[in-house]
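# Examining the three-dimensional arrangement
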Amino acid sequence: MNEIAINIIPKPKHTERLNSSLNLNSIDSIHLENNTRYENFIGQLIKSFLKPIKELKIKHGKSNSSKKINISLNAKHKLKKEEYRLIIDDRKFITLEASHEPGLFYGFQSFRQLCDPMLEKGVVPKNLFIPSCIITDSPTFNYRGMHLDVSRHFFDVEFIKLYIDMIALHKMNVFHWHLTDDNGWRIEIKKYPLLTEKSAWRVDRRHEPWKEQSPIKANEKATYGGFYTQEEIKEVLEYASERNILVIPEIEMPGHTSEVFAAYPELSCNKKYIPVQPGSYWPGVDIFCAGNDEVFSFLKNVLEEVALLFPGPYIHIGGDEADKLNWRKCNKCQRRINDEGLKDEHELQSWFIKEIEKFILSKDKKLVGWDEILEGGLAKSATVMSWRGFKGGIESAKAGHDVIMCPVSHCYFDYYQSDPESAPAAAFGGMTTLKTVYSFNPIPKELDEKSSKFILGAQGNLWTEYVQTPDIAQYRVLPRMSALSEVLWSGPGSNTYEEFYFRLDKLKKRFDQLEWNYSPGSFEVKIKNLKSSDFSISLSSEHPGKEIYYTKNGSNPSQSSNVFISDFSIKETTTIKAALLQPDGTFGPISEKTFYLHNAVGNKISYNTKYAAKYSGSGENNLINGLIGSVNHNDGYWQGWEREDMEIIIDLKESKKIKSITCGFLESHNSWIFLPRTVYVSFSRDGKNFTHGSQKQMKEGKNYVAANRKEIVFENANQFARYILIKAVNRRTCPSWHAGNGGDAWVFADEIVIE
C-alpha cells in the first residue's frame, strides 16, 4: 500500500520511518506495564479514542506478543520530564514509553494525530492504517502557554475545559487565566463576597461597539457577567492537571482594578463607588491606593485564598498600564512616597509590587507580571512577561530574571489574522498572520548564550474585548496556536513554513471533526521587491501551493491572467495586482502595489530624527525604495516616529530639476497612529542652506476612521536642487476623544516619491 505520511503538529524532534503500516483493527488489548494511576489514565484515553473501531480490554503487565498497545511509565527509560518514545512496530504492536507523566500524555497526542480524524467524532474511519515509525520527542522550551481573558467576556467552565483541550492537543503546558480586570471580577473569594455579588456583573452593552458603549443609566441593573466558584476552579484545575497543564491565575494590581471599587470603593484613592465598566475603560485612572494599609490587607487576604486554590508555582499580578494620576493627587500615596524614601510614582509602583512579592514568596509562590513591573526597579524574584515588544524581555534576561515572551507583534491573538472584510467579527486591530506567528523566535538576537537561558518560553494572548462567544475565541486562536506550538516545541526555524502548512492542512481536518472553529487564514497576496537595483518582484501568500494570478497593467486579475511561477523584473513604474483563487472558485482580496521607479530610488537618505527601532520598515532606505505600505502598520513597509517629528534629508547625489514630491502617511487611530499636522519641504544645493520652503496641512479622518493610507503632494515645485529636507510634524499626544488620551502619538511614513 502507499506510504502513509506522518503529519504531526508540533513536529516531533526525531522520527524514524519504518517500511510498513499497522492496522488499528488488529489491536486487541492495552497493557499497563506498572499499573500506575497515570498509566491507567492514558490507557483509558486510548481505549475511549479507539472505541469506534473496537472495545479494547485494559490489562496489567507488559505483553511481548503482537497486536497489543504497551504503556510504560518508568524511570528506567531515562527520558526527560516531557520526553516520550512512541514505537509503532513492524511486528504489529505499539509501545508508548516515558519516564514522567507529561511525556506519556504527549506521546498519546502524537499517536492521536497519526490516526484518522474521524475517530475524534466517534465514527469508524475508512482508513484504519497508521504508519510504522519510532518517534523520540521532547520540547525546546519548558514554558508553552496560552492566555485567556475572562473579564471582558465571561466563559463558562465547559468552554474553559474545551480551551484546555485545545492547549493539550498542541502539547502546550500552561493556561494563563486572566481572572480580574475593569470589566468583571471572576473568582469567588470567601472573605469578600461582594466581589462576586457586585464586581462580577455589569450592564449589558454587547449590541454596541466596544469603544463606543453608552453610559450606564440611573437604576440600570447589572445583568451580564458571571464568576467561577472555588469548587468550579478546583474542577478546572484537576482537569488541567491530568493533561499536564499548569494553570496560572492572574489577579490584576495596582491598576485595571476599577471593578473592585463597585464593591469596596474605600480601597481606591478617592473612595468613590464605580459601577463595573460595560466597555472600553481608558485611561484607567482608578487604581488601588498605595498609601492605604487596608489595600494590602485586602490583597493579601485575596492572594491567600488564591494561593490555597492554585497548586502551581506562579501567581500573576498584572502590573500593566497603571495610570498614576490619582497617586499624584492622593495625600496618602504622596505620604507613602515620602515615608519610604521613594523618588516618584514609578518607584511607588515598584514598592507596591515588592510588597506583594514578599507575601507571594511567603506562600511558596513566584510573582509574574507584565513588563511594566520593570518601572522603578524590578522585584527581586519576579518573572517578566514581555508584551510591549522584546525590549522588556531583553532587559530582564540580562539582569538574570526569568522571562516569558509574548510580544504584541507575534503573540496577540486578539488581532486580525486574516482580511478584516471576511472576518466573522471585528478584532482589536492590527494584523498578526499565521505566517508571522510561525516566524517568531522567543530568543532575541541581543541575548548571549548565558542570558538566553532566562527565556523560559512564550505564550499566545487572547484578550476578549472583541470576543463575545466561544466560537469567536476558537476562531481567534486557531490555527495561530498551532504555529506557536511548533515554534515552542520543535524550535524556531527548525522547519519551513511551507512544510508546516502542509501538515496544518491535515490538522484542520481534525479540527473539523472536533467541531472547533478556526480561521481559514489570510488570502492576501504579498507583493515584494527583492532587489531595489533591478526591481525583482516576488509574490507569495500564507497558502503555499495555491496559484497566484497577477497583472502588470493595473487591471484586476482573472483566471485568464498570468499565474505566478517565478520572480520577474520591471523596468519602469508599474502597478501590480495579484489575488489567490479560493476553494470556492472565487478570488480572494486583490493585493495592489505600485513600484515607483522615481528619482530618489537608490540614492542616499539621512535622518535628523531617527525612526523607532521596532518600526524600522526595511531599514535606512525604506522611504526611498519605491515601495508603499498597506493599511497594516506591521507589514514591514512603514517607519514610525513616537511623539517625535519625522525629519529627513534626501541626497540625489547631483542637482536635478524637482517637479513634484509625494509623501505617504498612515492613519490608524486604533494603533495610536495619526496623520502629521503639517508637512514641510525645502531645497538645497549644498546640504547646508535650505530655501524655497513650502508647507501643507493634512486633514484627519473622523474619530476611529478605518486604517488608511494618505498622500500629500507638493506639485509644481520647479526647484533645482541636490538635497531635499522633509519634515512631518507629530501631534505629540493622542487627542482627548481617543482611548489613549495624553499618550504618545505616532507618525508613520512609507515612501517619498520624487519626480
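Relevant structure appears above.
Note that the structure is predicted; figures quoted are calculated from it, not measured. (Residues numbered from 1 in each chain as written. Predicted model: local features only at pLDDT ≥ 70, side-chain atom pairs only at ≥ 80, totals over all residues. Heavy atoms only, no water.)

### Topic: the overall build of the protein
- For the protein, the helix and strand inventory stands at 16 helices and 35 strands.
- Here the C-alpha radius of gyration of the protein, 29 Å, is about what a compact globule of 755 residues would show, namely 27 Å.
- Dimensions of the protein, computed from C-alpha atoms along their principal axes, come out at roughly 90 × 70 × 50 Å.
- Counting over 755 residues, the protein shows a buried share of 59%.
- Long-range contacts, defined as pairs at least 24 residues apart, comprise 72% of the intrachain contacts of the protein with a sequence gap of at least 6.
- About 30800 Å² of surface is accessible on the protein, with carbon and sulfur atoms providing 47% of the total. (Helix = DSSP H or I, 4+ residues; strand = E, 2+ residues; numbered from the N terminus. Rg over C-alpha atoms; globule rule 2.2 N^0.38 Å. Buried < 20%, exposed > 50% of the residue type's maximum accessible area, 1.4 Å probe, protein only. Contact = heavy atoms within 4.5 Å. Areas by Shrake-Rupley, 256 points an atom, 1.4 Å probe, with all protein chains shown as cover.)

### Section: the sheet that holds strand E32 (residues 691-697)
- Taken in spatial order, the five strands make up an open sheet running E27-E29-E34-E31-E32, and their pairing is antiparallel. With partners counted over all chains shown, the strands left at the sheet margins are strand E27 (604-607) and E32, one partner each. Adjacent strand axes in the sheet meet at a mean angle of 20° when their direction is disregarded. (Pairing = 2+ DSSP bridges. Axes fitted to C-alpha atoms, helices over the stretch in contact; angles between N-to-C directions.)

### Thoughts on unusual backbone geometry
- For the bond running from Ile9 to Pro10, omega is 0°, close enough to zero to count as cis.
- Relative to the elements of secondary structure, Pro10 occurs in the segment before strand E1 (14-23).
- In this model, Leu478 is joined to Pro479 through a cis peptide bond whose omega is 5°.
- Within the secondary structure layout, Pro479 lies in the loop between helix H14 (470-477) and helix H15 (480-490).
- For Asn35, which is not glycine, the phi torsion reads 55° and is therefore positive.
- When you line up the elements, Asn35 lands in the loop between strand E2 (29-32) and helix H1 (37-50).

### A look at the packing of aromatic side chains
- Counted under the stated rule, the structure contains 43 aromatic pairs.
- Relative to Phe564, the ring of Tyr550 has its centre 6.4 Å away and its plane inclined at 75°; by these criteria the two rings are edge-to-face. Of this pair, Tyr550 sits in strand E22 (residues 548-551) while Phe564 sits in the loop between strand E23 (562-563) and strand E24 (568-569); the two residues are 14 residues apart in sequence, bridging distant segments of the chain.
- On the basis of relative accessibility, which here comes to 10%, the residue Tyr550 falls in the buried class.
- Put simply, the rings of Phe154, Phe155, Phe159, Tyr163, Phe175, Trp177, Tyr228 and Phe310 pair up and form one aromatic cluster.
- The positively charged end of Lys610 is found above the aromatic ring belonging to Tyr607, 5.4 Å away from the centroid.
- The ring of Phe714 has Lys696 lying over it, and the distance from NZ or CZ to the ring centre is 5.5 Å. (Phe/Tyr/Trp six-rings, centres within 6.5 Å; stacked < 30°, edge-to-face > 60°. Lys NZ or Arg CZ within 6 Å of the ring centre and 35° of its normal.)

### As for the environment of Gly279
- For Gly279, the position within the fold is in the loop between strand E14 (246-253) and helix H6 (293-309).
- Along the sequence, Gly279 and Leu45 sit 234 residues apart, while their C-alpha atoms lie 42 Å from each other.
- Those residues in contact with Gly279 that sit more than four places away from it in its chain are Asn183, Trp210 and Gln213.

### Comments concerning the sheet that holds strand E4 (residues 68-73)
- Taking strand neighbours across the sheet as the criterion, the seven strands line up as E1-E7-E5-E6-E4-E2-E3 in an open arrangement whose pairing is mixed. At either margin of the open sheet sits one strand with a lone partner, and together these are E1 and strand E3 (57-60). Mean inter-strand twist for the sheet, computed between neighbouring axes without regard to direction, equals 20°.
- Both E4 and strand E6 (residues 94-98) contribute to a ladder of five bridges, which runs parallel. Directly across from Ser72, in E6, lies its bridge partner Glu97.
- Running at roughly 150° to E4, H1 makes contact with E2, E3, E4 and E6 of the sheet.
- Strands E4, strand E5 (84-88), E6 and strand E7 (129-137) of the sheet are contacted by helix H2 (residues 101-114), whose axis makes an angle of about 35° with E5.

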